[in-house]
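So you can see what is in the structure, the chains are spelled out below.
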Amino acid sequence: NIMRSHSIITSVKELNDWFLENRRDFPWRLDPTPYRVWISEVMLQQTRASVVVPYFEKWMALFPDVKALSEARIEWVIKVWEGLGYYSRARNLHAGARQIMAECNGEMPSNREDLLKIRGLGPYTVGAILSFGFKQRAAAVDGNVTRVLARYFAIEENVCRQSAKKKILERAEEILDAEEPWITAEALIELGATICTPTPRCDACPIQAHCMGKDRAVSLPIKNEEKKTILLRRAVIWLEACGKVLVKKGETGKVMADLYEFPYFEMDHEVWMVSRIHREIENTFAIDAEMLEPLPRVVHTFTRYKAELYPFRYRAKYAPKTEGYEWVERDQLHKLPFSSGHRRILSL
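Attention in this report is confined to the structure presented alongside it.

### Observations regarding the overall build of the protein chain
Next, step 1: Along its length, the protein chain carries 13 helices and 8 strands.
Next, step 2: Considered along the principal axes of its C-alpha atoms, the protein chain spans approximately 80 × 50 × 35 Å.
Next, step 3: In the protein chain, which comprises 348 residues, the share counted as buried stands at 49%.
Next, step 4: For the protein chain, the centre of its 51 positive side-chain charges and the centre of its 47 negative side-chain charges are spaced 3 Å apart.

### So, unusual backbone geometry
Next, step 1: The omega torsion across L220 and P221 is 0 degrees, close enough to zero to call that bond cis.
Next, step 2: Secondary-structure assignment places P221 in the loop between α11 (181–194) and β1 (230–241).
Next, step 3: Not every positive phi belongs to a glycine, and K135 is a case in point at roughly 55 degrees.
Next, step 4: Mapped onto the elements of the fold, K135 is located in the loop between α8 (123–133) and α9 (143–152).
Next, step 5: One non-glycine residue, A154, adopts positive backbone phi at about 50 degrees.
Next, step 6: Counting through the fold element by element, A154 comes out in the loop between α9 and α10 (162–175).
Next, step 7: In this structure A154 comes out as buried when scored by relative accessible area, which is 19%.

### Observations concerning the packing of aromatic side chains
Two aromatic rings are characterised by how far apart their centres lie and by the angle between their planes.
Next, step 1: Here the structure, examined in full by the defined rule, presents 13 aromatic pairs.
Next, step 2: Considering the side-chain rings of W238 and F262, the 5.2 Å spacing of their centres and the 45 degrees angle between planes classify their relative orientation as tilted. With W238 in strand β1 and F262 in the loop between β3 (260–261) and β4 (264–267), this residue pair connects regions lying 24 residues apart in the sequence.
Next, step 3: For W238, a relative accessible area of 7% corresponds to the buried category.
Next, step 4: Of the residues examined, F262 reaches a relative accessible area of 1% and is grouped as buried.
Next, step 5: Here the aromatic rings of Y260 and F338 are separated by 6.3 Å at their centres, their planes lie at 50 degrees, and the arrangement is tilted. Of this pair, Y260 sits in strand β3 while F338 sits in the loop between β8 (326–329) and α13 (340–347), and the two are 78 residues apart along the sequence. F338 matches Y260 in its accessibility class, with the two residues each being buried.
Next, step 6: Connected via pairs of aromatic rings, a cluster forms that spans W238, Y260, F262 and F338.
Next, step 7: Taking the ring centre of W272 as reference, the NZ or CZ of R276 above it sits at 3.9 Å.

### Some thoughts on the pattern of salt bridges
Where charged atoms of side chains with opposite charge meet at close range, the side chains can pair.
Next, step 1: Considering all chains together, one arrives at 21 salt bridges under this definition.
Next, step 2: We note a salt bridge from E293 to R313, for which the minimum N-O separation is 3.1 Å. Of this pair, E293 sits in strand β5 (residues 289–294) while R313 is found in strand β7 (residues 305–316), placing the two residues 20 residues apart along the sequence.
Next, step 3: According to the relative accessible area criterion, R313 is buried, its value standing at 18%.
Next, step 4: Here E308 and R297 are joined by a salt bridge, their closest N and O atoms 3.3 Å apart. In this pair, E308 sits in strand β7 while R297 sits in the loop between β5 and β6 (298–302), placing the two residues 11 residues apart along the sequence.
Next, step 5: We classify E308 as buried; its relative accessible area is 8%.
Next, step 6: Exposure remark for R297: the relative accessible area of 46% places this residue in the partly exposed category.

### Some remarks on the side chain of E308
Next, step 1: At 3.3 Å, the side chain of E308 forms a polar contact with the side chain of R297.
Next, step 2: A polar contact of 3.1 Å, which involves the side chain of E308, links it to the side chain of Y310.
Next, step 3: Those residues within four positions of E308 in sequence are excluded, and the remaining contacts are L231, L232, R233, R234, R297 and V298.

### Quick look at α13
Next, step 1: Considered for burial, the residues of α13 that qualify are G341, H342 and I345. In a view along the axis of α13, the buried residues occupy a sector of 95 degrees, so they form one face of it.
Next, step 2: Contact partners of the buried residues in α13: β1, β3, β4, β6 and β7.

### Overview of the layout of surface pockets
Next, step 1: Taken as a whole, the second largest pocket encloses approximately 380 Å³ of empty space.
Next, step 2: K248, G250, M256, E261 and Y264 are the residues nearest the centre of the second largest pocket, which is lined by 18 residues in total.
Next, step 3: When its residues are assigned to classes, the lining of the second largest pocket shows 10 nonpolar, 2 polar and 6 charged.

About the cut-offs
- Residues numbered from 1 in each chain as written.
- Predicted model: local features only at pLDDT ≥ 70, side-chain atom pairs only at ≥ 80, totals over all residues.
- Heavy atoms only, no water.
- Helix = DSSP H or I, 4+ residues; strand = E, 2+ residues; numbered from the N terminus.
- Buried < 20%, exposed > 50% of the residue type's maximum accessible area, 1.4 Å probe, protein only.
- Lys, Arg positive; Asp, Glu negative; His and termini not counted.
- Charge placed at Lys NZ, Arg CZ, Asp CG, Glu CD.
- Phe/Tyr/Trp six-rings, centres within 6.5 Å; stacked < 30°, edge-to-face > 60°.
- Lys NZ or Arg CZ within 6 Å of the ring centre and 35° of its normal.
- Salt bridge = Lys/Arg side-chain N within 4 Å of Asp/Glu carboxyl O.
- Polar contact = N/O pair within 3.5 Å; in protein donor to acceptor, adjacent residues only side chain to side chain.
- Contact = heavy atoms within 4.5 Å.
- Arc of directions from axis to C-beta.
- 1 Å grid on protein atoms, 1.4 Å probe; cavity = no way out; pocket = protein on both sides within 12 Å on 5 of 7 lines; lining within 4 Å.
- Points joined across faces, edges and corners; volume = space filled by probe spheres on them.
- Nonpolar A, V, L, I, M, F, W, Y, C, P; charged D, E, K, R; others polar.

Okay, structure coming up:
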């Protein structure tokens, strides 16, 4: 135990020194207030840091604090988020801001118990807010940190199991620096993102000398098998009439809630003939439309799905009222938040 404690203390110093010298420059690191940490950490879920940077900067310009976010219309919040995917994150941020205004006098709570009551906040994000935002001693264990610690401590258990998660959290808290724990907490994340990646670069690792799992790093951590991707094929219809285009807003509770999409039909294994698409349009919308052109295929991935979108541009002579859909002026379409695949069709 004495040897292990000495190794950990040495590793922490080496890790902190490495981080302070090599950390990447990101806007959320310049002024890590609790609010900025909250927004950045939610944006960084499922998204690369380089992609997040312009979104974060635009968000902060429009919604610089909890009050500004709480007062914004949800449609505008979703529009600003457009392209980041996993839109429930944006809806939760908006709902969380309103909750903070109503229940916490507009101030983000500085303790774990109250933070966990905020809509959409889980253990990792709470840990990050407490550590980076409030400079408290708190571990922030995401996938990167799990990978680093599973290798460093040679944890040969399935990290998806609750017992292993508890062990990794304990190890994360154990390894934090005594005086500046927030530096170690962020250094672990940075190490997992840049060096201790799924294909590890052990020769460049600042703590490899004391890493107990370095000889089998490639096989750690042990995880559940990933679920298979489900393939979808959809015929997407750009249907215009009288200067307007037919669209549908995603229903609350569905994957694409609050996002707009063009009408589409689920195809089977083969792409439909044009005659079949024309017939479906007639049967579904009770409208006679002329096909102007097929558009290039678009591939759209979301959650566990890969959707192949085959867009077709149609024109009709009039725009009848269609239940569940709405006709939008063509020059107003760019103001609506679209799902990423359908936004690319719009750009065509």
